[in-house]
Each structure stands twice: as structure tokens, then as C-alpha cells.
Amino acid sequence: MLALDDDTDGPTAQEDVPPEDQLGVAALFTSLFVLAVQRQYPEGASRGEIIRFVAELRAALPASTSVDARATEGTITSVVDAKRREEIPPDVAAESVMEVIQYLLDPAKIGMDELEAVFARAIAYAEEHGLDAQLRVEESYGSQP
């Protein structure tokens, strides 16, 4: 269901997720996003810091990939400061969330031990907050050939 894709170097949802597991995948990615942003900004962040981060993220993306800067800033802001939360179309937010997760949780940056710990915390977070009682993750995500 969840794997590290050698082409993207980040967590990805596999295309063949059965409908009954899609809520679990969404819950896991939501949890990963929240934890990654909180890990990046444990003390919160100003609007300027978030704007600079999004510019850095967009500069690091391959030329063929782009994310909506406003949506990405908005999704990060929604974690950092709930008072500044704004409505972002789900499809745009999902794209931003995936890029932020891949960038912040890059195993080359944080190491596999930390990545595995973040996955464990994300699963616990999702379950604790009732995001999905049936949340399941493929155990071999970190040990693919």
C-alpha cells in the first residue's frame, strides 16, 4: 500500500490501493504531513518562513514537477497556525502535501531510522485521532530491493 519509490526517493501511494483501504492511505499521508511540518517547525513559523520554505521546495523539484505555491503555503500554515487556516481545493492540497512529505521526509536527508520512526508516529497519530481504525501499512516499505 505504501512504498518508497526509487524514482522519487520519497513515500508514495501505490496505484492499486483497494477502495476499502483508501481512507487509511489518506489518513496516513495526512498524519505524515502534520508530523513532517511539526518536525520542520517545532516552535511554529512566520508567514515569511513558510514562503521561503515553499520557494526552496519548488526550486528543489524536478523541472517537470510544480506545485501551487499558494496551496502549499496554505496547507503548511494550517498545521503551523490553525487561526490562519484557509480552504484549499482537495486535489491541489493533495499535490502540495505529497511534495512536502517527500521533501521533508527524504531518507537521504533524515535517514531510514528516522523515517521509520516518523512512519510509526504517523500510524499512531492516525489511529489516536480516529482517522481510520483499519489503517494498515506494508511492512517492507524500507526494505525493497
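## Some details on the confidence of the model for the protein
Mean pLDDT for the protein: 74, with 68% of residues reaching 70 or above. Taken as a whole, residues 1-14 scores under 50 in pLDDT and shows 48 contacts with residues more than four places along the chain or in a different chain.

## Side note on the packing of helix H2 (residues 47-60) against helix H4 (residues 90-104)
When two helices pack together, their arrangement is given by the angle between the helix axes and the distance between those axes. Contact geometry of H2 with H4 gives a least axis separation of 11 Å together with a crossing angle of 85 degrees. Considered as vectors, H2 and H4 are oriented roughly perpendicular to each other. Residue-level inspection shows Phe53, Glu56, Leu57 and Ala60 of H2 in contact with H4, the latter providing Glu99, Val100, Tyr103 and Leu104. Broken down by class, the residue content of the contact of H2 with H4 amounts to six nonpolar, no polar and two charged.

## Observations concerning the pattern of salt bridges
Tallying each qualifying case throughout the model produces two salt bridges. Among the salt bridges present, the one from Glu114 reaches Arg39, with a minimum N-O distance of 3.1 Å. You can see Glu114 sitting in helix H6 (residues 112-128) and its partner Arg39 sitting in helix H1 (residues 19-40), a full 75 residues away along the chain. Judged by relative accessible area, which is 24%, Glu114 ranks as partly exposed. Judged by its relative accessible area of 38%, Arg39 falls in the partly exposed class. With a shortest N-O distance of 3.5 Å, Glu114 and Arg121 are connected by a salt bridge. A single salt-bridge network, built from bridges that share partners, covers Arg39, Glu114 and Arg121.

## Let's talk about H2
What sets the pattern is the α-helix's 3.6 residues per turn: residues three or four places apart point alike. Between its first and last C-alpha atoms H2 spans 20 Å; for 14 residues at 1.5 Å apiece the expected length is 20 Å, and the two agree. Residues of H2 that are buried: Ile50, Phe53, Val54 and Leu57. Seen from one end, H2 has its buried residues packed into an arc of 100 degrees, which puts them on one side. Within H2, the exposed residues directed more than 90 degrees away from the buried face are Arg52 and Ala59.

## A word on the environment of Arg39
Taking the C-alpha atoms as reference points, Arg39 and Leu105, 66 residues apart in sequence, are found 9.7 Å from one another. Apart from residues lying up to four places away in sequence, Arg39 is in contact with Leu104, Ile110 and Glu114. Side chain to side chain, Arg39 and Glu114 meet in a polar contact 3.1 Å long.

Rules used in this analysis
Residues numbered from 1 in each chain as written. Predicted model: local features only at pLDDT ≥ 70, side-chain atom pairs only at ≥ 80, totals over all residues. Heavy atoms only, no water. pLDDT = per-residue confidence, 0-100. Contact = heavy atoms within 4.5 Å. Axes fitted to C-alpha atoms, helices over the stretch in contact; angles between N-to-C directions. Helix = DSSP H or I, 4+ residues; strand = E, 2+ residues; numbered from the N terminus. Parallel < 35°, antiparallel > 145°, perpendicular 65-115°, else oblique. Nonpolar A, V, L, I, M, F, W, Y, C, P; charged D, E, K, R; others polar. Salt bridge = Lys/Arg side-chain N within 4 Å of Asp/Glu carboxyl O. Buried < 20%, exposed > 50% of the residue type's maximum accessible area, 1.4 Å probe, protein only. Expected span 1.5 Å × (residues − 1). Arc of directions from axis to C-beta. Polar contact = N/O pair within 3.5 Å; in protein donor to acceptor, adjacent residues only side chain to side chain.

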